[in-house]
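# Coordinate inspection notes
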Amino acid sequence: MRRTTATRNASIAVKGAAAVSAMAVLSACGGATSQDVAGDDETVRIAVNGWVGYEASAAVLSYLLEEEMGVKVDQQKIDEQPSWQGLNDGDLDVILENWGHEDLMEQYGPDGNGTVVDGGPNGNTGTLGWYVPKYLVDEKPELATWEGIRDNTDLFTTPESGDKGEFLAADPAFVTQDQGMINHFDMDLKIVHAGSEAAQITEMQGRYEKEEPFLAYFYDPQWLQSEIDLVHVEFPEYEEGCADDEEDVSCGYPQYDLNKIFSKEFADAGSPAYELLKNWEWTNEDQNEVAKMIADDGMDPEEAAEKWVTDNGDVWQDWIPADA
């Protein structure tokens, strides 16, 4: 996911360049441009990052913008860091779920390029970390701590990890601090990427059903947290500076009050669509409900969004601006 406070300027530059190229292709193929936002026929361009919880938020907000307010929406699937470049370049309007990224706010926010602004909380509380299944902790309570993991890495060996314990991760594009934690706490672990969030979930579900050991990077909000019983491994609490060196991270992840990031141009225009997105706040439970419909029940995102909107008018009515 997404996610660390450590600065990765080289990675940002590479992915940012990819984002510029991708946006140029979108424009050349007739995709939404900043002119659409400025014109009478407004199109809201939403970055959609690569996890189903984010997709759930984008689906519900797109449904409300289109069906309740008659505003066109262009959802653009793009990784986290290039999303910021897209806001900077005027090719995107909003990131719906930002996990920290203080370095990117410094680069593009009021103290940097001045092209993006904090859009306020989206209502979700983000938790990242290392997780093991509860049935494993029931057998070996020490596995709820980093010391227990360090002393029992042999439990997690797989053909993919060789003679080391496997640390199961998702998409290699997610920005994490796990290798730095493995290094600092001297753990005989190898990070194995499932390839995507969906692939990681499938792998975790399969092992859980067989009650096999596994150790994984995971997070909340995430619909699977309500389906299987996981234990969050304890590390020293996050404090400022403990993750600055990505090769030597002496703490666990911080907890995030997730927020929205707007392009300054879009925010300054103050359209009714902006007001809806600014007003939007929902809970982890709300997001997980929609995400489960998409990922576990096999519903199309639009169908899941319509069902949630139909069932939760008391939640979203206040998001709609009075003059819409």
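Residues numbered from 1 in each chain as written. Predicted model: local features only at pLDDT ≥ 70, side-chain atom pairs only at ≥ 80, totals over all residues. Heavy atoms only, no water.

The next thing to look at is a negative patch on the surface. Together, Glu-66, Glu-67, Glu-68, Asp-300, Glu-302, Glu-303 and Glu-306 give the surface a local cluster of negative charge. At the level of secondary structure, the elements contributing two or more residues to the negative patch comprise helix H3 (52-68) and helix H13 (301-311). By the element assignment, Glu-67 lies in helix H3. (Patch = residues over 30% accessible without salt bridge, like charges linked within 9 Å, V, L, I, M, F, W, Y side chains within 5 Å. Areas by Shrake-Rupley, 256 points an atom, 1.4 Å probe, with all protein chains shown as cover. Salt bridge = Lys/Arg side-chain N within 4 Å of Asp/Glu carboxyl O. Lys, Arg positive; Asp, Glu negative; His and termini not counted. Charge placed at Lys NZ, Arg CZ, Asp CG, Glu CD. Helix = DSSP H or I, 4+ residues; strand = E, 2+ residues; numbered from the N terminus.)

Once that is clear, we can look at the confidence of the model for the protein chain. Confidence in the prediction of the protein chain, expressed as mean pLDDT, is 89, and 87% of residues score 70 or more. In the model, residues 2-40 has pLDDT below 50 throughout and makes 81 contacts with residues more than four positions away in sequence or in other chains. (pLDDT = per-residue confidence, 0-100. Contact = heavy atoms within 4.5 Å.)

Overall, the coordinates contain one disulfide when judged by the stated rule. The side chain of Cys-242 participates in a disulfide bridge whose partner is Cys-251; the two sulfur atoms lie 1.9 Å from each other. Because the torsion about its S-S bond is 75°, the bridge between Cys-242 and Cys-251 counts as right-handed. On the accessibility criterion, Cys-251 (1% relative accessible area) is buried. (Disulfide = S-S within 2.5 Å. Buried < 20%, exposed > 50% of the residue type's maximum accessible area, 1.4 Å probe, protein only.)

Our focus in this paragraph is the pairing of strand S9 (residues 255-263). Most of S9 is tucked away, with seven of its nine residues classed as buried. As defined by bridge partners, strand S3 (residues 94-98) adjoins S9 across three bridges and the pair is classed as antiparallel. Each bridged residue has a counterpart across the sheet, and for Val-94 the counterpart in S9 is Phe-262. Where strand S4 (residues 116-133) lies against S9, seven bridges are found, and the strand directions are antiparallel. Residue pairing across strands places Thr-127 opposite Gln-255, the latter belonging to S9. (Pairing = 2+ DSSP bridges.)

Relative orientation and spacing of two packed helices are given, respectively, by the angle between their axes and the distance between those axes. Two numbers describe how H3 lies on helix H11 (residues 272-279): the axes approach to 11 Å, and their chain directions differ by 145°. Crossing angle aside, the handedness with which H3 passes H11 is right-handed. Taking contact as the criterion, the partners of Leu-61, Leu-64 and Leu-65 in H3 are, on H11, Ala-273, Leu-276 and Leu-277. Looking at the contact of H3 with H11, its residues break down into six nonpolar, no polar and no charged. (Axes fitted to C-alpha atoms, helices over the stretch in contact; angles between N-to-C directions. Left-handed = near helix turned anticlockwise from the far one by under 90°. Nonpolar A, V, L, I, M, F, W, Y, C, P; charged D, E, K, R; others polar.)

All right, on to H3 then. Between its first and last C-alpha, H3 extends 23 Å over 17 residues, near the 24 Å set by a 1.5 Å rise per residue. Counting buried positions along H3 gives 13 out of 17 residues, so the element sits mostly inside the fold. One or two residues past the end of H3 sits Gly-70, with phi positive at roughly 70°. (Expected span 1.5 Å × (residues − 1).)

Turning our attention to the layout of surface pockets. If you add up the space inside the second largest pocket, you get close to 230 Å³. Along its surface, the second largest pocket is lined by 16 residues, and Leu-128, His-232, Phe-235, Gly-252 and Tyr-253 are the ones closest to its centre. No other element matches S4, which puts four residues into the lining of the second largest pocket. (1 Å grid on protein atoms, 1.4 Å probe; cavity = no way out; pocket = protein on both sides within 12 Å on 5 of 7 lines; lining within 4 Å. Points joined across faces, edges and corners; volume = space filled by probe spheres on them.)

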